[in-house]
Amino acid sequence: MKIRNLVLPLAALGFSAAAHSQATPVSSSGVTPWTPTEAIKAMYASFGPRDPVWSPDSARLTYLAPNEDLLSVDPANGNVSVLVSHTHLDSVMNPKINEKDKDHRSRYHTSDYHFSPDSHRILFDAGGELWDYTIASGTGINIGSTGAGSGDDPKFAPTIAAVSYLKDHNIYVRNIGGGPELNLTNSKDPAILNGEVDWVYEEELDTRSNYFWSPDSKNIAYLQANETKVPLYPIVDWNETHATTDMQRYPQPGDPNPDVRIGIVSTSGGGTRWIKLPLSGGNDYIPRFGWANDHTIWIETLLRDHKHLAIYLADARSGAFRRVFAETDDKFFDESYDVNFLSKSPEFLLTSWRDGHTHIYRYSYDPANPLAADAKLENEVESGAYEVGEIEGVNEAGQTFSPNGLFFALQHSTVITPPSSSVCNSGGLCNAYNSVKPVTDHAVRAPIQLTLKAEDGTTTLYATLLLPDNATAAASVPLINEPYGGPHAQTVEDRYNPGIFVDEMFAEHGFAVLHVDNRGMGGRGRDFEVAAYHNFGPVQFADQMAAIDQVLAKYPQLDAKRLGWWGWSWGGTFTLYALTHSDRFAAGIDGAPVTDWRNYDSIYTERYMGVPAEQAQIYKDFSVNNSAGNLHGHLLMIHGTGDDNVHLANTIQFVQQLVNKNIPYDLQLYPRKTHSLAGLEARQHYYARSLVHFETYLLNAK
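Below: a short report on this structure.

How each quantity is defined
Residues numbered from 1 in each chain as written. Predicted model: local features only at pLDDT ≥ 70, side-chain atom pairs only at ≥ 80, totals over all residues. Heavy atoms only, no water. Helix = DSSP H or I, 4+ residues; strand = E, 2+ residues; numbered from the N terminus. Buried < 20%, exposed > 50% of the residue type's maximum accessible area, 1.4 Å probe, protein only. Contact = heavy atoms within 4.5 Å. Areas by Shrake-Rupley, 256 points an atom, 1.4 Å probe, with all protein chains shown as cover. Disulfide = S-S within 2.5 Å. Phe/Tyr/Trp six-rings, centres within 6.5 Å; stacked < 30°, edge-to-face > 60°. Axes fitted to C-alpha atoms, helices over the stretch in contact; angles between N-to-C directions. Left-handed = near helix turned anticlockwise from the far one by under 90°. Nonpolar A, V, L, I, M, F, W, Y, C, P; charged D, E, K, R; others polar. Patch = residues over 30% accessible without salt bridge, like charges linked within 9 Å, V, L, I, M, F, W, Y side chains within 5 Å. Salt bridge = Lys/Arg side-chain N within 4 Å of Asp/Glu carboxyl O. Pairing = 2+ DSSP bridges. Polar contact = N/O pair within 3.5 Å; in protein donor to acceptor, adjacent residues only side chain to side chain.

**Regarding the overall build of the protein chain**
Phase 1 of the analysis: Secondary structure summary: the protein chain contains twelve helices and 38 strands in total.
Phase 2 of the analysis: Considering only C-alpha atoms, the protein chain reaches an extent of 75 × 60 × 55 Å along its principal axes.
Phase 3 of the analysis: Across the 702 residues of the protein chain, 56% fall into the buried class.
Phase 4 of the analysis: The long-range share in the protein chain, meaning contacts at least 24 apart out of those at least 6 apart in sequence, stands at 63%.
Phase 5 of the analysis: Approximately 28,300 Å² of the protein chain is accessible, and the part contributed by carbon and sulfur atoms is 50%.

What follows is the structure, encoded as structure tokens:
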């Protein structure tokens, strides 16, 4: 479970909907306030280039323009040119895929194209249709169909002689020059995934691929996930005359996990050689693996308790292995599982928060006999009171860090300054290639930056407060508290967040909007985040209440009797926790909440709460279903019926408790929509509905 930006198709921005109310209000500054549709248009016009891709030779940085041209940036000077025009891509880049596949491609940042290792070709993946495009000639040919809207994971072989892809849960290869496709694996059971990333690994371990070519292109190492014992969960689509059901493999806390193992198969066909690691089948995890050299596999493992992490080296020919690195944590490991094995030296880099913050550590091993000894710690590469998010790239010759070694892509912004994108060399010289135009028809004001104290009286919390213009009279402004609250996320940052336009919309309509990052969230070091260990509510809520009281004391124009709470995902759960553990909030909106943590997935939930059999009281205490009878304030519940992350069952179960207690409620459903609630129509409707709710029960409350 993670808070993410919600992506809308740019082509849909022309949608217009009825205003949220009959009257046209005027803000305190005399400006007609933004409608939800106008705010959303401003939001999605403010994104810079998304997920730019470097060519392997570092000669160009590429990205898709809003008109679907594939643009190329010269890293030496920042000049932009069209590499492949949208006229070539129109039939390729507009596949007919369903709501779930569109969501997964956006949510998990699936690239639509992949460079060949020599940078001369591009493999386009159009929702399962694979096109081999030669840059020099400007021509492309269809080389196969996977039949998958997402998750088919196509790749060039290192020799560029073939491409690989996933189809029907198996690994296939096809020669570039033509000929039949060859299936390297041949499982008939749809519960056996060969090289395919299943839902829980993709969502909670940030796994993006589960198969890799050897450097010499002779073998492929892959993870096989046996999901036979993983329970099935029904996702129902009621939009058709005859309802359909998508049966999702979804392990909940205490359920069997995918049973995983690593195999090596020749790219010319034949049987699989298995690496038989000492893991508990159906419990433990393999978040990452890959090739250290032509004959050596590295494998990272994580035990189900989330407290034991290890790296193994294995001989791909014999299957022999050795654990060369191990680390333990008495609480849990954060979500940073990436390991970087260097190609030109027998070393690897990994991140760890062992010293209190996440930093990079460098290890070496014996290249002549990788299995002879444990890896040796060479040094902590950098240190300080900050968090390393991820290693973007390594210049192995100079031991400096940048994507592709000599250049790196940089995007800079502030809270109110839109993103400016540049390409820079390792000496620090940068050339801008894209700048987002600022909004000119409405003032975009920087929120007030606040430093507050947590409930413990000592821990510093960071917050922002956006106030309406010219609102100074005592108790004249209702306050909407909008936290996320959950682990790993950080929302109070000095970077451009397009969500500021929604905050501005509410401010123009007379509301103040508060964001506070409480203990248990990310970006502040290990001690700050492990506050969430066995604590999914009390410490987070105590910090939010302490922050609200400090803000109310400092800004007397805020009305303590007109408080609202608004959140999505973990934040949606937080809304329900707040309204069932306090009578101070007049209105709240929850979106896609977990109402009983036994409903959510095994990896995420057990990382923080353990397994239900051992922590039954914790699961009971932190289930808002069990506190539903204490609901205060006017509640609006929001959920997409196609949500395959936080299932609709969570909201239904909470509704059942309200019915049992004879408590009224408001419910807004979005047919087929997933956890991201993507699409202009749905998002416009959601913001308009939310605005009406807070206007009714906060702004106009007596």
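**Regarding the state of the cysteines**
Phase 1 of the analysis: Overall, the coordinates contain one disulfide when judged by the stated rule.
Phase 2 of the analysis: Each sulfur of the disulfide joining Cys-424 and Cys-430 lies 2.0 Å from the other. Disulfide Cys-424-Cys-430: the torsion about the S-S bond is 105°, which places it as right-handed.
Phase 3 of the analysis: With relative accessibility at 0%, the residue Cys-424 sits in the buried group.

**Quick notes on the packing of aromatic side chains**
Phase 1 of the analysis: For the structure on display, the rule yields 45 aromatic pairs.
Phase 2 of the analysis: Here Tyr-496 and Phe-501 contribute two aromatic rings whose centre-to-centre distance is 6.2 Å and whose plane-to-plane angle is 75°, an arrangement assigned as edge-to-face.
Phase 3 of the analysis: Residue classification places Phe-501 among the buried residues on the basis of a relative accessible area of 0%.
Phase 4 of the analysis: Ring centres of Phe-506 and Phe-694 lie 6.2 Å apart, and the angle between their planes is 70°; this geometry places the pair in the edge-to-face category. Of this pair, Phe-506 sits in helix α5 (residues 500-508) while Phe-694 is found in helix α12 (residues 680-699), placing the two residues 188 residues apart along the sequence.

**Considering the packing of α5 against α12**
Phase 1 of the analysis: Here α5 crosses α12 at 35°, and the two axes come no closer than 11 Å. α12 is crossed by α5, and the crossing has right-handed handedness. For the pair α5 and α12, the contacting residues are Val-502, Met-505 and Phe-506 in the first and Tyr-687, Ser-690, Leu-691 and Phe-694 in the second.
Phase 2 of the analysis: When its residues are assigned to classes, the contact of α5 with α12 shows six nonpolar, one polar and no charged.

**Let's talk about a nonpolar patch on the surface**
Phase 1 of the analysis: On the surface, a nonpolar cluster with roughly 310 Å² of combined accessible area is contributed by Val-659, Tyr-665, Leu-667 and Leu-669.
Phase 2 of the analysis: Topologically, Tyr-665 is positioned in the loop between α11 (649-660) and β38 (666-670).

**Describing the sheet that holds strand β6 (residues 121-126)**
Phase 1 of the analysis: The strand order β5-β6-β7-β8 describes an open sheet built from four strands, whose pairing is antiparallel. Since the sheet does not close on itself, it has two edges, and those belong to β5 (113-115) and β8 (139-145), each with one partner. Mean inter-strand twist for the sheet, computed between neighbouring axes without regard to direction, equals 25°.
Phase 2 of the analysis: The pairing of strand β7 (residues 129-134) with β8 spans six bridges and is classified as antiparallel. When the bridges of β8 are listed, Asp-132 appears paired with Ile-141.

**Observations concerning the sheet that holds strand β24 (residues 339-341)**
Phase 1 of the analysis: Read from one edge to the other, the open sheet built from four strands follows the order β24-β25-β26-β27, with strand pairing classed as antiparallel. Taken across any chain shown, the strands that pair with only one partner, and hence form the sheet edges, are β24 and β27 (376-380). Each strand axis lies, on average, 25° off the axis of its neighbour in the sheet, ignoring direction.
Phase 2 of the analysis: Two elements, strand β26 (residues 359-364) and β27, share four bridges in a ladder whose sense is antiparallel. Looking across to β27, one finds that Tyr-363 is bridged to Leu-377.

**Regarding the environment of Trp-34**
Phase 1 of the analysis: Here Trp-34 shows up in the segment before α1 (36-44).
Phase 2 of the analysis: With 472 residues separating them along the chain, Trp-34 and Phe-506 place their C-alpha atoms 8.5 Å apart.
Phase 3 of the analysis: Not counting the four nearest positions on each side in its chain, Trp-34 is found in contact with Ala-39, Ala-42, Val-439, Asp-441, His-442, Phe-501, Glu-504, Met-505, Glu-508 and His-509.
Phase 4 of the analysis: At 3.3 Å, the side chain of Trp-34 forms a polar contact with the side chain of His-442.

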